Amino acid sequence: LTELIDELENVNEQLLSSTRQQTAMIDPDEEERKEVEREEAERAIEIANAEKECAHQRKERMENFQDAFHQISVATGISDVDELVKVFIKNEEQNFSLFSYLNEQAGEIERLEDDIQSLQEEKAQYEEANANNIELNDEILKIENRIKTTE
């Protein structure tokens, strides 16, 4: 690809040089044809440069993927891609299962906290009622004592 680019640049330079030398001697149609050839050569060079850049980017991405895979392989001790994928899928399923369990437990905790709150409110009502009953019992005892003393 690099050789092709260099060759295209050389051809383009030769065409430019040739065009300059023969400008006075060439008819307008020939001059136009040479200009078209020069533009096509420039476009071909631009395309070749773009392809070269694209190939370089693909190569860099591939190297990055290889480096990442190597790091994962070293960290996990697994060098087979298929096995590594299976392990990741298994771990993801386990993580999801644990996440679901955690959500269930959080819901259960919330329900139990609501139950505790309700029971505490009910306890407070009974304690208040019991306090009223104690006062009533005291009044009843006083009345019974009066009755006994009056008899």
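Before any of the text, the structure's been laid out above.
As the structure is a computational prediction, the values presented were derived from the model and not from experiment. (Residues numbered from 1 in each chain as written. Predicted model: local features only at pLDDT ≥ 70, side-chain atom pairs only at ≥ 80, totals over all residues. Heavy atoms only, no water.)

Asker: What is the right way to look at the overall build of the chain in this model?
Answerer: Assigned secondary structure in the chain consists of three helices and zero strands. When the helices and strands of the chain are placed in sequence order, the string is α-α-α. When the 151 residues of the chain are sorted by exposure, 10% land in the buried category. Across the chain, contacts joining residues at least 24 apart in sequence account for 47% of those joining residues at least 6 apart. (Helix = DSSP H or I, 4+ residues; strand = E, 2+ residues; numbered from the N terminus. Buried < 20%, exposed > 50% of the residue type's maximum accessible area, 1.4 Å probe, protein only. Contact = heavy atoms within 4.5 Å.)

Asker: What exactly am I supposed to notice about a nonpolar patch on the surface here?
Answerer: Taken together, the side chains of Val-81, Val-85 and Ile-89 present a nonpolar region at the surface, about 250 Å² in accessible area. With respect to the secondary-structure elements, Ile-89 resides in helix α3 (residues 81-150). (Patch = residues over 30% accessible without salt bridge, like charges linked within 9 Å, V, L, I, M, F, W, Y side chains within 5 Å. Areas by Shrake-Rupley, 256 points an atom, 1.4 Å probe, with all protein chains shown as cover. Salt bridge = Lys/Arg side-chain N within 4 Å of Asp/Glu carboxyl O.)

Asker: Any chance you could explain the pattern of salt bridges here in plain terms?
Answerer: Pairing between side chains of opposite charge can happen when their charged atoms approach one another. In total, this model carries four salt bridges according to the counting rule given. The partner of Arg-38 in a salt bridge is Glu-42, with the nearest N and O atoms 2.3 Å apart. Taken as a pair, Arg-38 and Glu-42 lie in helix α2 (residues 28-76) at a separation of four residues, close to a single helical turn. Under the relative-accessibility criterion, Glu-42 is labelled partly exposed at 30%. When salt bridges with common partners are traced through the structure, they connect Glu-35, Arg-38 and Glu-42 into a single cluster.

Asker: What is the right way to look at the environment of Leu-8 in this model?
Answerer: Checked against the element boundaries, Leu-8 lands in helix α1 (residues 2-22). For the pair Leu-8 and Ile-45, spaced 37 residues apart in the sequence, the C-alpha separation amounts to 6.3 Å. If we ignore the near neighbours within four places in the chain, the residues touching Leu-8 are Ala-44 and Ile-45.

Asker: Before we go on, may I ask you to explain the side chain of Ser-73 in this structure?
Answerer: Looking at where Ser-73 falls in the secondary structure, it is placed in helix α2. The exposure class of Ser-73 is buried, given its relative accessible area of 15%. Apart from the residues lying within four places of it in its own chain, the contact partners of Ser-73 are Ile-78 and Ser-79.

Asker: In this structure, what is going on with a negative patch on the surface? I would like to understand it.
Answerer: A contiguous patch of negative charge on the surface is contributed by Glu-3, Asp-6, Glu-7, Glu-9 and Glu-13. The topology assignment puts Glu-9 in helix α1. Owing to a relative accessible area of 33%, Glu-9 belongs among the partly exposed residues under this scheme. (Lys, Arg positive; Asp, Glu negative; His and termini not counted. Charge placed at Lys NZ, Arg CZ, Asp CG, Glu CD.)

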